[in-house]
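# A closer look at the structure
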Amino acid sequence: EDRLCETYFERLISQKWEGRTARNYRQGARSFVEYFGAERSLSSVTPVDFETWHRWMPKNGLAESTANKRAKMVRTMLKEAVRRKIIASNPGAETKIGGEVNRERDHYVSRADATKILKKCDAEWALIFGLCRFAGFRCPSEITTLRWSDVQWDDNRLRIDSPKTGLRFCPLFLELRPILELAANEAGEH
């Protein structure tokens, strides 16, 4: 039985993913459906169609990195359609898709700028900013999972149980320790 793009994508996403991941996959599916139409059957999409869609996204306002991310997500969903024997082959399998990082948005925050920012923050925001700037925490995923028991004061390190990278440890850098101490004092944890 052939499936319509929109119906297949929505059903698969609701079965397989949730939260932010489901939201991201839905964005990819919406871009695909916007280009091909909700009634397009999965089996009618060719490798040339997939490549044309992938090139179309940046021409219509998406950043290259966003287009690449969405194309990879749709390719993953099409791979699952092959696994489920809904389509015979994945039309996106051979498409070369670039990276998902937009380096134009990168900005280095110097120590001087970090100091200025910290002076404007209350203890909670100073902690969030400090963990990102000085310890390289991912925000929000690693910030929101950190507990006071993860601050190993005697060993001078932080325990980070990241949903993305797993368990790792980070030193309590000189710049970070006073920020943590202030937040712990305000929270009654130190």
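Residues numbered from 1 in each chain as written. Predicted model: local features only at pLDDT ≥ 70, side-chain atom pairs only at ≥ 80, totals over all residues. Heavy atoms only, no water.

The next thing to look at is the layout of surface pockets. By rolling a water-sized probe across the atoms, one finds the places where empty space is left. By volume, the second largest pocket amounts to about 240 Å³. Along its surface, the second largest pocket is lined by Arg20, Arg138, Cys139, Pro140, Ser141, Pro163 and Lys164. The residue inventory of the lining of the second largest pocket, partitioned by class, reads three nonpolar, one polar and three charged. (1 Å grid on protein atoms, 1.4 Å probe; cavity = no way out; pocket = protein on both sides within 12 Å on 5 of 7 lines; lining within 4 Å. Points joined across faces, edges and corners; volume = space filled by probe spheres on them. Nonpolar A, V, L, I, M, F, W, Y, C, P; charged D, E, K, R; others polar.)

Attention now goes to the side chain of Asn24. Within the secondary structure, Asn24 is located in helix 2 (residues 19-36). Once you skip the residues sitting within four places of it in the chain, Asn24 turns out to touch Lys69 and Met73. (Helix = DSSP H or I, 4+ residues; strand = E, 2+ residues; numbered from the N terminus. Contact = heavy atoms within 4.5 Å.)

In the structure shown here, the tally under the stated rule is ten salt bridges. Taking the shortest distance from any N to any O, the salt bridge between Arg40 and Asp49 comes out at 2.8 Å. On the accessibility criterion, Arg40 (24% relative accessible area) is partly exposed. Arg159 serves as the salt-bridge partner of Asp150, at 3.5 Å between the closest nitrogen and oxygen. What makes Arg159 partly exposed here is its relative accessible area of 27%. Via salt bridges that share partners, Lys16, Glu80, Arg83 and Arg84 belong to a single interconnected network. (Salt bridge = Lys/Arg side-chain N within 4 Å of Asp/Glu carboxyl O. Buried < 20%, exposed > 50% of the residue type's maximum accessible area, 1.4 Å probe, protein only.)

Turning our eyes to something else, we now look at the sheet that holds strand 2 (residues 157-162). A sheet is described by the order of its strands in space; here three strands give the open sequence 1-2-3, paired in antiparallel fashion. Only two strands of the sheet have a single partner each, and these edge strands are strand 1 (151-152) and strand 3 (166-171). (Pairing = 2+ DSSP bridges.)

Moving on to a positive patch on the surface. Side chains of Arg20, Arg23, Lys69 and Lys164 sit close together on the surface and give a patch of like positive charge. For Arg23, the location among the structural elements is in helix 2. Classification of Arg23 by relative accessible area gives partly exposed; the value is 42%. (Patch = residues over 30% accessible without salt bridge, like charges linked within 9 Å, V, L, I, M, F, W, Y side chains within 5 Å. Areas by Shrake-Rupley, 256 points an atom, 1.4 Å probe, with all protein chains shown as cover. Lys, Arg positive; Asp, Glu negative; His and termini not counted. Charge placed at Lys NZ, Arg CZ, Asp CG, Glu CD.)

As a further point, take unusual backbone geometry. The peptide bond linking Cys139 to Pro140 adopts the cis configuration, its omega dihedral lying at 15°. With phi around 55°, Asn156 is a residue other than glycine that occupies positive phi space. In this structure, Asn156 sits in the loop between strand 1 and strand 2.

With that out of the way, let us pick up the pairing of strand 2. On strand 2, burial follows the alternation: Leu158, Ile160 and Ser162 on one face are buried, whereas Arg157, Arg159 and Asp161 on the facing-out side are not. The pairing of strand 1 with strand 2 spans two bridges and is classified as antiparallel. Residue Gln152 lies in a different strand from strand 2, and its bridge partner there is Arg157. The turn joining strand 1 and strand 2, which pair antiparallel and follow one another in sequence, is formed by four residues; a positive phi near 55° is taken by Asn156. Two strands pair when backbone bridges link them, and strand 2 and strand 3 are joined in this way by six bridges, in the antiparallel orientation. Paired with Ser162 across the bridge in strand 3 is Gly166. Taking the residues between adjacent antiparallel strands as the criterion, strand 2 and strand 3 are bridged by three residues.

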